[in-house]
Amino acid sequence: MLDYAKFAVIFAAAASMAVAAVRHCEWRGGLALLSSLFLAAAMNELEAPLRPLFPNLTEPELPLIIAFIVLGVVLAAVHRGTTWQGLNAIYHNRRFPLLVAGLCAVSFLPNLASYRRLWDLAAPQTDTSDLRDIVEHGVEAVGDVLLLVWSILFLKDKFKIFERRVSPLNRLILENELVEIGRGTRRIAYRVGDTGYCAKFYYPKEQCIEALKMQKSIQRDVKWRRFNKARNSSSREVYVYNLFRHSMPPDIRARMPEVCERVYHETWGWGVIETYYTNPDGTAILPYENEMARQTPANREVIYDQAVDFLQAIIAAGALFYEPGNFHVLIRPDGGIELKLIDFEPESKTAIPLEMYCAWFRRRKLIRKSRRYLAHIRKSFGIKSAKRI
């Protein structure tokens, strides 16, 4: 009877972790792994009921224990983008010592508590087998209860965690209509109602398909990054923005958006909300190559000169900036032209990203890419300016 009671307790702990994994997509891999390990521990209590299924095994519960451990590994691999984040959330939970105590009590402590030689030292010449069994089961029961208590408290602690760690502007994502204003290879930009903000998220899952010309490699990349706070492009964009805001010279900071903060959507994962810049006609500002295509020859020269000056400033500052075409053009109400830096390319796309760690190498590579890109601009739009990098 005690075995069934212990099974029920540890199964309830596994169910709590499963609920947490369903609710928190950004930790799903790590929480699903722990839930499966709890289920494996629960199988350890079903030796008697499982004996008819595996009559030739000394430990009939072993196949199911192995099966749930394998299931946990598979779930962690499927949701690999969130496995480390989930384990990290578990480690940093304020009640982590309670989890450690519970795991110890259901793993090696029962064997230690029932170790015959230790009992012989305390009570030599005495048959302690019955007492050792009672102590062993007692320690396991205490461990199961500790795991259940920890899992319930963890679920309670994290139930409304997003209210404490995302931007206060996160509510705008839920309260306003999101109107698509542009899309790239991985992300879509939305106007957030009439709030004066825009937001960027990865393509919705139903649009991450080959029918929409998304390559398989990009589909896999988006899948594991979507809920991964550390590797999500929008989340990292906020990180780079904050680096720029505190380390770049004033002429670069002046061209950055006033707001760039991390937000979260239950289905789309991590995103970024930014100041929404519009031209006098109300349309969203465009990358400077796109804006050049619809501008007069005189304005093309102005945009080109500003792009050269801005790239030179970024190169001199050694900024974490990798794409020379990532500036946007704002047309002021008086007809003036201003470049804005609202699209922070957060990562290098090379297999060995040395430029992320070496400022000298980053400058040299950006110089080469800028010269090549600006040559393309001059050729495409007939630019006559003598400015070069």
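Owing to the predicted nature of the structure, the values given are computational and were not obtained by experimental measurement.

## Details of the overall build of the protein
Working step 1: For the protein, the helix and strand inventory stands at 17 helices and eight strands.
Working step 2: By the compact-globule yardstick of 21 Å for 389 residues, the protein is too spread out, its C-alpha radius of gyration being 29 Å.
Working step 3: Overall, the protein is about 100 × 45 × 40 Å in size when its C-alpha atoms are taken along their principal axes.
Working step 4: Averaged over its 53 positive side-chain charges, the protein has a centre that lies 8 Å from the centre of its 41 negative ones.

## Quick notes on the sheet that holds strand 8 (residues 337–340)
Working step 1: With antiparallel pairing, the three strands of this open sheet are ordered in space as 6-7-8. Edge positions in the sheet fall to strand 6 (286–287) and strand 8, since each has one partner strand and no second.
Working step 2: Sheet topology note: the strand 7 (residues 328–331)/strand 8 ladder contains four bridges and is antiparallel. Paired with Val 329 across the strands is Leu 339, a residue of strand 8.
Working step 3: Across the face of the sheet, helix 16 (residues 297–317) comes into contact with strand 7 and strand 8 while running at roughly 40° to strand 8.

## Overview of the pairing of strand 3 (residues 197–202)
Working step 1: Most of strand 3 is tucked away: six of the six residues are buried.
Working step 2: Neither face of strand 3 is exposed, since Tyr 197, Ala 199 and Phe 201 on one face and Cys 198, Lys 200 and Tyr 202 on the opposite face are all buried.
Working step 3: Between strand 2 (residues 187–192) and strand 3, which follow one another and run antiparallel, lie four residues, and Gly 193 among them has a positive phi close to 55°.

## So, the confidence of the model for the protein
Any residue range with low pLDDT should be treated as having predicted coordinates unsuitable for detailed reading.
Working step 1: Averaged over the protein, the pLDDT score is 88; the fraction of residues at 70 or greater is 97%.
Working step 2: Looking at the elements of the protein, mean pLDDT is at its lowest for helix 10 (residues 162–165), recorded as 57, and at its highest for strand 3, recorded as 96.

## Digging into the packing of helix 1 (residues 2–23) against helix 2 (residues 28–43)
Working step 1: Packing of helix 1 against helix 2 leaves a shortest axis separation of 8 Å and a crossing angle of 170°. Classified by the angle between their axes, helix 1 and helix 2 sit roughly antiparallel to one another. Crossing of helix 1 over helix 2 shows left-handed handedness. Of the residues in helix 2, those in contact with Phe 7, Ile 10, Phe 11, Ala 13, Ala 14, Met 17, Ala 18, Ala 20, Ala 21 and Val 22 of helix 1 are Arg 28, Leu 31, Ala 32, Leu 34, Ser 35, Phe 38, Leu 39, Ala 41, Ala 42 and Met 43.
Working step 2: When the residues that make up the contact of helix 1 with helix 2 are grouped by side-chain class, the tally is 18 nonpolar, one polar and one charged.

## Remarks on a positive patch on the surface
Working step 1: The grouping of Arg 80, Lys 205, Arg 220 and Lys 223 at the surface amounts to a positive patch.
Working step 2: Positionally, Arg 80 belongs in helix 5 (residues 80–92).
Working step 3: Looking at Arg 80, the relative accessible area reads 47%, which means it is partly exposed.

## Observations regarding helix 1
Working step 1: An ideal rise of 1.5 Å per residue puts 32 Å on 22 residues; helix 1 measures up with 32 Å between its terminal C-alpha atoms.
Working step 2: Looking at the buried residues of helix 1, the elements they touch are helix 2 and helix 9 (129–158).

## So, the packing of helix 1 against helix 9
Working step 1: Where helix 1 contacts helix 9, the axes come no closer than 9 Å and their chain directions differ by 20°. Regarding the angle of helix 1 to helix 9, the classification is roughly parallel. Along this stretch, helix 1 crosses helix 9, giving a crossing that reads as left-handed. On the side of helix 1, the interface is formed by Leu 2, Asp 3, Lys 6, Val 9, Ile 10, Ala 12, Ala 13, Ser 16, Met 17, Val 19 and Ala 20, while helix 9 contributes His 137, Glu 140, Ala 141, Asp 144, Val 145, Leu 147, Leu 148, Trp 150, Ser 151, Ile 152, Phe 154 and Leu 155.
Working step 2: Residue classes in the contact of helix 1 with helix 9 are distributed as 16 nonpolar, three polar and four charged.

## Brief notes about the pattern of salt bridges
Working step 1: Considering all chains together, one arrives at 20 salt bridges under this definition.
Working step 2: When the shortest N-O distance is used, the salt bridge between Arg 183 and Glu 180 registers 2.8 Å.
Working step 3: Residue Glu 180 is classed as partly exposed on the basis of its relative accessible area of 40%.
Working step 4: Taken together, the shared-partner salt bridges connect Arg 187, Lys 200, Glu 237, Glu 274 and Asp 343 into one network.

## Regarding helix 5
Because an α-helix completes one turn every 3.6 residues, residues spaced three or four positions apart along the sequence face the same direction.
Working step 1: With 13 residues, helix 5 should cover 18 Å at 1.5 Å per step; its first-to-last C-alpha distance of 19 Å lies within 8% of that length.
Working step 2: Turning to helix 5, its buried residues number three or more, namely Gly 81, Thr 82, Thr 83, Gln 85, Gly 86, Ala 89 and Ile 90.
Working step 3: Check the buried side of helix 5 and you find it contacts helix 2, helix 4 (62–78), helix 6 (96–106), helix 9 and helix 12 (216–225).

## A short note on the sheet that holds strand 2
Working step 1: One open sheet holds the five strands; their spatial order is 1-2-3-5-4, and the pairing between them is antiparallel. Either end of the sheet is taken by a strand with one partner, and the two such strands are strand 1 (178–183) and strand 4 (260–265). Here the strands of the sheet are splayed against their neighbours by 30° on average, with no regard to which way each runs.
Working step 2: Both strand 4 and strand 5 (residues 269–275) contribute to a ladder of six bridges, which runs antiparallel. By the bridge assignment for strand 5, His 265 is matched with Gly 269.
Working step 3: Where helix 13 (residues 233–247) meets the sheet, its contacts fall on strand 2, strand 3, strand 4 and strand 5, and the angle it forms with strand 5 comes to roughly 45°.

Conventions and cut-offs
Residues numbered from 1 in each chain as written. Predicted model: local features only at pLDDT ≥ 70, side-chain atom pairs only at ≥ 80, totals over all residues. Heavy atoms only, no water. Helix = DSSP H or I, 4+ residues; strand = E, 2+ residues; numbered from the N terminus. Rg over C-alpha atoms; globule rule 2.2 N^0.38 Å. Lys, Arg positive; Asp, Glu negative; His and termini not counted. Charge placed at Lys NZ, Arg CZ, Asp CG, Glu CD. Pairing = 2+ DSSP bridges. Contact = heavy atoms within 4.5 Å. Axes fitted to C-alpha atoms, helices over the stretch in contact; angles between N-to-C directions. Buried < 20%, exposed > 50% of the residue type's maximum accessible area, 1.4 Å probe, protein only. pLDDT = per-residue confidence, 0-100. Parallel < 35°, antiparallel > 145°, perpendicular 65-115°, else oblique. Left-handed = near helix turned anticlockwise from the far one by under 90°. Nonpolar A, V, L, I, M, F, W, Y, C, P; charged D, E, K, R; others polar. Patch = residues over 30% accessible without salt bridge, like charges linked within 9 Å, V, L, I, M, F, W, Y side chains within 5 Å. Areas by Shrake-Rupley, 256 points an atom, 1.4 Å probe, with all protein chains shown as cover. Salt bridge = Lys/Arg side-chain N within 4 Å of Asp/Glu carboxyl O. Expected span 1.5 Å × (residues − 1).

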